[in-house]
Amino acid sequence: MIENEQVEEIFLVLEDKLEKTVSVLREEFSAIRAGRANPHILDKLQVEAYGGVSPLNQLGNVSALDARCLVISPWDKSLLKAIEKAILQSNIGLNPSNDGTVIRLVFPELTEERRKEIVKQVRKMGEDAKVAVRNNRREAMEALKKMKTNKELSEDAVADCEADVEKDVAKSVEEIDKIVAAKEKELMTI
């Protein structure tokens, strides 16, 4: 890579954006249920408590009892109804079972048809991530071309930098493909 502060800045920004795109995709995938109980499906669940709205994970423990059942143990038992209501309103497709001390969420087996729908959704999310990566590539390339136009970099230096940008982008796209393939495999495994 060329020794130039502006070029280094372009690459730092690009790498940061690429890493964020991949980590956001991983986060989104952790919330997709694959027929087995995963506490992360409740990460974004907000519960009305104490006159405000709080994330569920700040109000109690969420743990997997077995492969198909989550148990929510609130620290304050008076929040059971509020947590139950939040789960019902969240459209995650699960019916909470409240026994007065904990809430159980039983995950039904996914049908073949539902698994295929979720795989389509996963592929679309992967494509969206690739589009974001390509947009990041375009921004970096435009910044490099602008430096060439302003005579801050030679044509050869820009060509070398563009090749490095392509390598970084290709690496991110490859990682996205691996993440999508792993999630697809997880979803289709019965």
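Look up: the structure comes first, before these words.
Since we're looking at a predicted model, the values are computed, not measured.

A. Expanded view of the overall build of the protein. Scanning the protein from terminus to terminus reveals 4 helices and 6 strands. For the protein, the sequential pattern of α-helices and β-strands runs α-β-β-β-β-α-β-β-α-α. Here the C-alpha radius of gyration of the protein, 23 Å, is well above what a compact globule of 190 residues would show, namely 16 Å. Seen along its three principal axes, the alpha-carbon backbone of the protein occupies a region of about 70 × 40 × 20 Å. Going through the 190 residues of the protein one by one, you find that 38% of them count as buried. Look at the contacts in the protein between residues 6 or more apart in sequence, and 64% of them connect residues 24 or more apart. Carbon and sulfur atoms form 50% of the exposed surface of the protein, whose accessible area is close to 11300 Å². Here the protein holds 30 positive side-chain charges and 36 negative ones, and the gap between their average locations is 7 Å.

B. Structural context of the pairing of strand β4 (residues 69–74). Counted residue by residue, β4 has 5 buried out of 6 residues, so it is predominantly covered. Here 6 bridges tie strand β3 (residues 60–66) to β4, and the two strands are oriented antiparallel to one another. Bridge pairing links Gly-60 to Pro-74 in β4. Linking β3 to β4, which pair antiparallel, is a turn of 2 residues. As paired strands, β4 and strand β6 (residues 103–106) are joined by 4 bridges and run antiparallel to one another. Residue pairing across strands places Val-71 opposite Arg-104, the latter belonging to β6.

C. The packing of helix α3 (residues 112–149) against helix α4 (residues 155–188), seen in detail. Viewed as axis vectors pointing N to C, α3 and α4 meet at an angle of 170°, and their least axial separation amounts to 10 Å. Considering their axes alone, α3 and α4 lie roughly antiparallel with respect to each other. A per-class count over the contact of α3 with α4 returns 17 nonpolar, 2 polar and 14 charged.

D. Broad picture of the pattern of salt bridges. Counted under the stated rule, the structure contains 14 salt bridges. Two residues, Lys-17 and Glu-139, come together in a salt bridge whose shortest N-O distance is 2.6 Å. Linking Lys-17 in helix α1 (residues 5–30) with Glu-139 in helix α3, this pair joins segments that are 122 residues apart in sequence. Exposure remark for Lys-17: the relative accessible area of 32% places this residue in the partly exposed category. For Glu-175, the salt bridge goes to Arg-26, with nearest N and O atoms at 3.1 Å. Of this pair, Glu-175 sits in helix α4 while Arg-26 is found in helix α1, placing the two residues 149 residues apart along the sequence. Assessed through its relative accessible area of 44%, Arg-26 is described here as partly exposed. What you see here is one network of salt bridges that share partners, running through Glu-127, Lys-130 and Asp-177.

Thresholds, definitions, all that
Residues numbered from 1 in each chain as written. Predicted model: local features only at pLDDT ≥ 70, side-chain atom pairs only at ≥ 80, totals over all residues. Heavy atoms only, no water. Helix = DSSP H or I, 4+ residues; strand = E, 2+ residues; numbered from the N terminus. Rg over C-alpha atoms; globule rule 2.2 N^0.38 Å. Buried < 20%, exposed > 50% of the residue type's maximum accessible area, 1.4 Å probe, protein only. Contact = heavy atoms within 4.5 Å. Areas by Shrake-Rupley, 256 points an atom, 1.4 Å probe, with all protein chains shown as cover. Lys, Arg positive; Asp, Glu negative; His and termini not counted. Charge placed at Lys NZ, Arg CZ, Asp CG, Glu CD. Pairing = 2+ DSSP bridges. Axes fitted to C-alpha atoms, helices over the stretch in contact; angles between N-to-C directions. Parallel < 35°, antiparallel > 145°, perpendicular 65-115°, else oblique. Nonpolar A, V, L, I, M, F, W, Y, C, P; charged D, E, K, R; others polar. Salt bridge = Lys/Arg side-chain N within 4 Å of Asp/Glu carboxyl O.

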